[in-house]
Amino acid sequence: MKMELIQPFINAADAVLAQGLQSPIAIGSISMEEEAYRRKGIAALIWLTGDIEGRIVLDLDSKTATKIASEFGGTQLPESDQLVREAVCELANQVIGNAVTTLNDQGFRFRVHPPVLHTSDHGTKNSEDTEAMVMCFETTAGNVYMNIALRYCEDTNLPRAAGAAAGR
Amino acid sequence: MEQFAPVRRSKDGQPVRYLIVDDSVFARKNLTRIIEAFGGQLAGEAGDGVMAVSEYERTRPDIVLMDITMPQMEGIEAAEKIVQKHPDARIVMVSSVGYQENIVAALQRGARHFVQKPVKPEVLYEVIKYVLGDDASVASAAGAGA
């Protein structure tokens, strides 16, 4: 997985979280994950199809999700509230939407599918060409994990990826 | 949230009525909170494009805030259907996916403006005033400081 694919997601998560929480965000640990995905708390999953394919998971423990949902929504929400889960999906939608906007401007074309709550404790094991990168964003509300497993779609995008890289 | 001088309808001084369309309940609640800070009133809400078209007929809002990526019927298609029947409809697209093709497609099919998520209230406030034009007046309100 190339950094040119990852950077827009880092930038978008940083911007969306910083704006919503009105405080700076620090990027903590970054690691590669070769084993099957393990859910940490409330997780929203978004699939991308097109020139770049794969999935992104935004994962927060319940307390962090509640704090962030309350901050973004401007009102204190109880931890059990369905709105907290909705907020995690909307947060994922905003982060991925903003990242996709950047990638689209670089020449990549794809479709973003609506976010779904990831409810199972484990995901599927990643194949060799879609190993996942896991990033931790340290916020005032707690840690937000982003798990990205993307790959170039072979048929369509090698020339475009080269063009995008050359164009920067 | 920042305080905004209320935006009213010029013709009768009543609050501007909004239809909010988004498949996320959380996003709809957030937008409702924002338009209420502008002195607006929620006329209706919808979770997809199909419902947006029928809710427009039912509520006849002054402004529609429309998401793009939604199940059943996406926002751009819903905007086109509404504008075909009501050419004076004022639709503002509100989406996290803000690349140029999306914006151009929305504007070509009848939307009046585009605001990218996460929504900054001060940006949406200016867009609402611009889209309403002479049909809106900004009321002077004690303590309003936008």
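Residues numbered from 1 in each chain as written. Chains lettered and ligands numbered in written order. Predicted model: local features only at pLDDT ≥ 70, side-chain atom pairs only at ≥ 80, totals over all residues. Heavy atoms only, no water.

S.K.: Which parts of the structure should I look at to understand the packing of helix α1 (residues 3-21) of chain A against helix α3 (residues 82-105) of chain A?
M.R.: Between two packed helices, both the angle of their axes relative to each other and the distance between the axes serve to describe the pair. Residues and elements named next belong to chain A. It is the contact of α1 with α3, at a shortest axis distance of 8 Å, that shows an interaxial angle of 135 degrees. One way to sum up the angle between α1 and α3 is to call them oblique. Handedness of the crossing formed by α1 with α3: right-handed. Residues Glu4, Leu5, Pro8, Phe9, Ala12, Ala13, Val16 and Leu17 of α1 pack against Leu91, Gln94, Val95, Ile96, Asn98, Ala99, Thr102 and Leu103 of α3. Here the residues of the contact of α1 with α3 are counted per class, giving 12 nonpolar, 3 polar and 1 charged. (Axes fitted to C-alpha atoms, helices over the stretch in contact; angles between N-to-C directions. Helix = DSSP H or I, 4+ residues; strand = E, 2+ residues; numbered from the N terminus. Parallel < 35°, antiparallel > 145°, perpendicular 65-115°, else oblique. Left-handed = near helix turned anticlockwise from the far one by under 90°. Contact = heavy atoms within 4.5 Å. Nonpolar A, V, L, I, M, F, W, Y, C, P; charged D, E, K, R; others polar.)

S.K.: Got a minute to help me understand the interface of chain A and chain B in this structure?
M.R.: A common measure of how large an interface is: the accessible area buried when the components associate. Taken together, the 24 residues of chain A in the interface contact 22 residues of chain B. Between chain A and chain B lies a buried interface of about 1,800 Å² when both sides are counted; carbon and sulfur atoms form 54% of it. Linking chain A with chain B are 3 salt bridges, by the criterion used here. Measuring nitrogen to oxygen at the nearest pair gives 3.3 Å for the salt bridge that ties A:Arg111 to B:Glu74. Linking chain A with chain B are 13 residue pairs in polar contact (both at pLDDT 80 or more), by the criterion used here. Of all elements in the fold, only α1, α2 (62-73), α3 and β4 (110-112) of chain A reach the threshold of two or more residues within the side of chain A that touches chain B. Looking at the side of chain A that touches chain B element by element, the count peaks at 12 residues for α3(A). (Buried area = accessible area lost by both parts, 1.4 Å probe. Salt bridge = Lys/Arg side-chain N within 4 Å of Asp/Glu carboxyl O. Polar contact = N/O pair within 3.5 Å; in protein donor to acceptor, adjacent residues only side chain to side chain.)

S.K.: Hey, could you run me through helix α2 (residues 49-59) of chain B in this one?
M.R.: Every α-helix carries 3.6 residues per turn, so stepping three or four residues along brings you back to the same face. Residue and element names in this part refer to chain B. For α2, the complete set of buried residues consists of Gly49, Ala52, Glu55, Tyr56 and Thr59. Looking down the long axis of α2, one finds its buried residues gathered within 110 degrees of arc, a one-sided arrangement. Of the surrounding secondary structure, the elements contacted by the buried residues of α2 are β2 (17-21), β3 (41-46), β4 (63-66) and α3 (75-85). The N-capping residue of α2, defined by a side-chain oxygen 3.0 Å from the backbone nitrogen of Val50, is Asp48. Where α2 ends, the next residue or the one after it, Arg60, has phi of about 45 degrees, a positive value. (Buried < 20%, exposed > 50% of the residue type's maximum accessible area, 1.4 Å probe, protein only. Arc of directions from axis to C-beta.)

S.K.: Please explain the sheet that holds strand β6 (residues 113-116) of chain B as it appears in this structure.
M.R.: Backbone hydrogen bonds are what pair the strands of a sheet, in a parallel or an antiparallel way. Residue and element names in this part refer to chain B. An order of β3-β2-β4-β5-β6 is seen for the 5 strands of this open sheet, with the pairing classed as parallel. Looking along the sheet, the strands with just one partner apiece sit at the ends: β3 and β6. The average undirected angle you get between the axes of adjacent strands in this sheet is 20 degrees. Bridge count between strand β5 (residues 91-95) and β6: 4 bridges; the pairing is parallel. Bridge pairing in β6 links Ser95 to Gln116. Strands β4 and β5 of the sheet are contacted by α3, whose axis makes an angle of about 175 degrees with β5. (Pairing = 2+ DSSP bridges.)

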